[in-house]
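# Tertiary structure, described
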Amino acid sequence: MTPTDMPVISVLMSVYNAERYVAEAIQSILGQTEGRFEFLIVNDGSRDASASILDRYAAQDSRIRVIHQENRGLIASLNLLLEEARAPLVARMDSDDVSRPERFAVQLAEMTSHPQIAVLGSNTDELDADGAFFPCSDFHPEQPADIRERLMVASAMCHPSVMMRRDVIRALGGYRAAFRHCEDYDLWLRVSEQHDMRNLRRRLFLYRRSPDQVSEKHILVQAIGAACARFAAHERRAGRPDPFEGATSLPSLDTIDATLGTTGLGARMRLEVIDSIKYSRDAMTGGGLDLMHAHLREGGTKNGFWRTAGRLVKLGLIPQAITLSYGLVRY
């Protein structure tokens, strides 16, 4: 593809301090058997060697265009990339993952033959932080109806594996600023209410698991945002206004009832969040234990909480286990 050709696919990748993995991620895109793409990369204020790595690859391949900016976060970067994209299809990519060579060719053929599909994901295998390969045995739901059902409980798509119709995503407003660290989940819920989504059974993507990844470091914020996204979806599907339309941040669980004029919503969401984070080391040392104590003080159920205390012992979080046990006895 020459610089003047219109691309069939726009690849969207945001990079922040990814010098360890970003070259491998870029190479996996440049090695695609379907090469009619533009590769748009935001360097989101990286402080390591990421910028020089990106510029080196851009100098070698005219399909790559790098946008350097001060750190604005993933949501702002992805929305900028959506605006810059020229192709009717956009493919997500993360800077620490790997796309198998046939990924774009398979997804493009599927999207071309099924125009009703707005978002097409892939099943995955996994890499660890050191690059060791781990085959997965589980599968994401594949059909639109199954994905819609699953989404009311949890995400059903691997975000960096998807190919999407640009105009559909832009018409829905793109990624919403309020839903930090769960921006994809909120988007899938909104897409699924108007369009079909599918997952390919083939494992076209290698997803990296690392202690430093967003889903581990920000699991508590992510869980709270996901609970809010589900509530917003319930409201929309009931014909009521989206309570977070236009919001740039979400209320805390302590203030959500006062903010939205609801009763008991904060307590219900808190229990949802606790169920999501109760076995996470990061969450239980970063505010999760406070949520559990607030739940117990208000007379909430203790089902499964003793098991959580035992799990904290196994994680080596002895003070947290003792504190939770004391709360279970006291309340």
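See the structure above.
As a starting point, this report considers the structure included with it. (Residues numbered from 1 in each chain as written. Predicted model: local features only at pLDDT ≥ 70, side-chain atom pairs only at ≥ 80, totals over all residues. Heavy atoms only, no water.)

### Thoughts on the pairing of strand 9 (residues 196-208)
Applied cut-off: Type-normalised accessible area, obtained with a 1.4 Å probe on protein chains alone, sets the label of each residue: buried when under 20%, exposed when over 50%, and partly exposed for intermediate values. Secondary structure elements are defined from DSSP: runs of H or I of at least 4 residues count as helices, runs of E of at least 2 residues count as strands, and each element is numbered from the N terminus. Note on pairing: two strands pair once DSSP finds at least 2 bridges between them.
Within strand 9, 10 of the 13 residues are buried, leaving the element largely enclosed by the surrounding structure. With two bridges connecting them, strand 5 (residues 98-99) and strand 9 associate as antiparallel partners. Bridge pairing in strand 9 links V98 to L206. Sheet topology places strand 6 (residues 117-127) next to strand 9; 10 bridges connect them, and they run parallel. Within strand 9, the position partnered with N123 by the bridge is R203.

### Thoughts on the packing of aromatic side chains
Two descriptors summarise a pair of aromatic rings, namely the distance from one centre to the other and the angle between the planes of the rings. Counted only if it meets this: Two aromatic rings, drawn from Phe, Tyr or Trp (for Trp, its six-membered ring), form a pair once their centres lie within 6.5 Å of each other, and the interplanar angle then sorts them: stacked below 30 degrees, edge-to-face above 60, tilted otherwise. The criterion for a charge sitting over a ring is simple: Lys NZ or Arg CZ within 6 Å of the ring centre, and within 35 degrees of the ring normal.
Going through the model one piece at a time under the given rule, you end up with two aromatic pairs. Judged by centre distance (6.0 Å) and plane angle (80 degrees), the ring pair of F179 and F244 falls under edge-to-face. Taken together, the residues span a long stretch of sequence, with F179 in the loop between helix 6 (166-171) and helix 7 (183-192) and F244 in the loop between helix 9 (219-237) and helix 10 (256-260) at a distance of 65 residues. Like F179, the residue F244 is buried in the burial classification. Across the ring face of F139, the terminal group of R201 is positioned such that the distance to the ring centre comes to 3.8 Å. Over the face of the ring belonging to F139 we find R203, whose NZ or CZ atom lies 4.2 Å from the ring centre.

### Remarks on unusual backbone geometry
The residue N17 is not glycine, and still its phi comes out positive at about 50 degrees. Mapped onto the fold, N17 is located in the loop between strand 1 (9-15) and helix 1 (22-30). One non-glycine residue with positive phi stands out, namely H181, at about 70 degrees.

These figures come from the coordinates and say nothing about function on their own.
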